[in-house]
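# Remarks on the overall topology
This is what each chain is made of:
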Amino acid sequence: MTENAWTRWPSREALGPAESSGARRLLGWVVRGLVLGMLLWGVFTGGHVRGWGAIGAAAGVLLAAFFSWALYRTTLTHRLLPSLALMTALLTVAVAAQTVGFRVPALVIWCGCAVTALERLPIAAAVPVATVALASYAAVNDDAWLTTAVTTGGLALAGYVLRLDAEARGNAQRLLVQERAARAAEADSAALAERARIARDIHDVLAHSLSAQLVHLEAARLLIERGADREQILERVVAARGMARDGLAETRHSLSALRGELTPLEDFLAQLVSTTDNAEATITGERSPLPAEASQAVRRVAQEALTNVRKHATGAKVRLWLEYGEHQVTLVVRDSGGPPGDLAGAGAGYGLLGMRERAELLGGSLEAGPDEEGFVVSLKVPV
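Here is what the cut-offs are and how they apply
Residues numbered from 1 in each chain as written. Predicted model: local features only at pLDDT ≥ 70, side-chain atom pairs only at ≥ 80, totals over all residues. Heavy atoms only, no water. Helix = DSSP H or I, 4+ residues; strand = E, 2+ residues; numbered from the N terminus. Contact = heavy atoms within 4.5 Å. Axes fitted to C-alpha atoms, helices over the stretch in contact; angles between N-to-C directions. Parallel < 35°, antiparallel > 145°, perpendicular 65-115°, else oblique. Left-handed = near helix turned anticlockwise from the far one by under 90°. Nonpolar A, V, L, I, M, F, W, Y, C, P; charged D, E, K, R; others polar. Expected span 1.5 Å × (residues − 1). Buried < 20%, exposed > 50% of the residue type's maximum accessible area, 1.4 Å probe, protein only. Arc of directions from axis to C-beta.

## Side note on the environment of Ile283
Within the element layout of this structure, Ile283 appears in strand E1 (residues 279-284). Sequence separation between Ile283 and Glu266 is 17 residues; the distance between their C-alpha atoms is 7.6 Å. Sequence-distant contacts of Ile283, defined by excluding residues within four places in its chain, comprise Glu266, Leu322 and Tyr324.

Shown next as structure tokens:
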């Protein structure tokens, strides 16, 4: 049968004690203790039952308390038949109490059954149980009919209001659990994104530094194989040593960037072109601080582009433009073309792909390709 408003149980979050505040749980236990104490007091102070009869009546009250505790457990686990069986047992205890003259305990049990049924059972089962309990209460109660009607109506309304309150608390608890799970997932996602960013930065530094060293070391190897003179070989080795030194400096710079200690972008680009032959930089627009991710993207793309020029266009002139716009920063690296170096085909070929992925992660774009003279790389990053 399809579950609907009539057959749906109150949620376990609504029925369970863990979703209630400490004050609410304490109040509930106080109320239960007072009701049990009043019932036992009524049994032992009743004048018409003495001795073993009073002890038997007290045992009946304790049995009703046990049935109530068991009913709490079965409704918490959404077991309908055991819950209905326990409700029937409680109503039977009330009838027995009324039969032997314990009218007040019987009225209390009938009222409690009605309220509990409306609060904890599916509506389709709660309405018949509450109807039987309140009808029994009305039949035995000797108050005026209007008072009895108001009392039974108030009890029914109280049970339904308690149900709505419990369901509201259960819904709030589920939303809280979902929010906590979402926050945990967001934190995990942020941690993964940060790890990916660190991995990209380390990769960019190593790829730039090691590939530049590889160019010079491989050139030195080729010179040795061709029998070049000592000065040419030494020049390449010294250049490789310089690249290693620059790589260490870039690694320190990347670690500083990860700690949020970025040097100004203009200074970085000026230093970068100063270590590249036939390169110059032009910066236009109103200069303003960039977010760390955008600044890192510009730095890494500039490094990768100049490395590619060294590998694929030996001796080419390089022009680097950095333009600060209102909503984006644009970097253009253009070379004049030149003969490929000895290692034009070296490397895995992931440089341009890595630059493009870095730009797209920031909502920007990267275009790279030949132009009239040489090769041009254009990066646009929103800020």
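## Comments concerning the packing of helix H4 (residues 80-99) against helix H5 (residues 103-120)
For the pair H4 and H5, the least separation of the axes is 7 Å and the interaxial angle reads 160°. Between H4 and H5, the crossing angle belongs to the class labelled roughly antiparallel. Relative to H5, the crossing made by H4 is left-handed. Taken together, the residues of H5 that come into contact with H4 (itself represented by Met87, Leu90, Leu91, Val93, Ala94, Val95, Ala97 and Gln98) are Arg103, Ala106, Ile109, Trp110, Cys113, Thr116 and Ala117. For the contact of H4 with H5, the per-class residue count stands at 12 nonpolar, 2 polar and 1 charged.

## What about the environment of Ala114?
Relative to the assigned elements, Ala114 resides in helix H5. Between the C-alpha atom of Ala114 and that of Tyr137, which follows or precedes it by 23 residues, the distance is 9.7 Å.

## Some thoughts on helix H6 (residues 123-140)
Between its first and last C-alpha atoms H6 spans 25 Å; for 18 residues at 1.5 Å apiece the expected length is 26 Å, and the two agree. Restricting attention to buried positions, one finds in H6 the residues Ile123, Ala125, Ala126, Val129, Ala130, Ala133, Leu134 and Tyr137. Viewed end-on, H6 has its buried residues packed into an arc of 145°, placing them on one side of the element.

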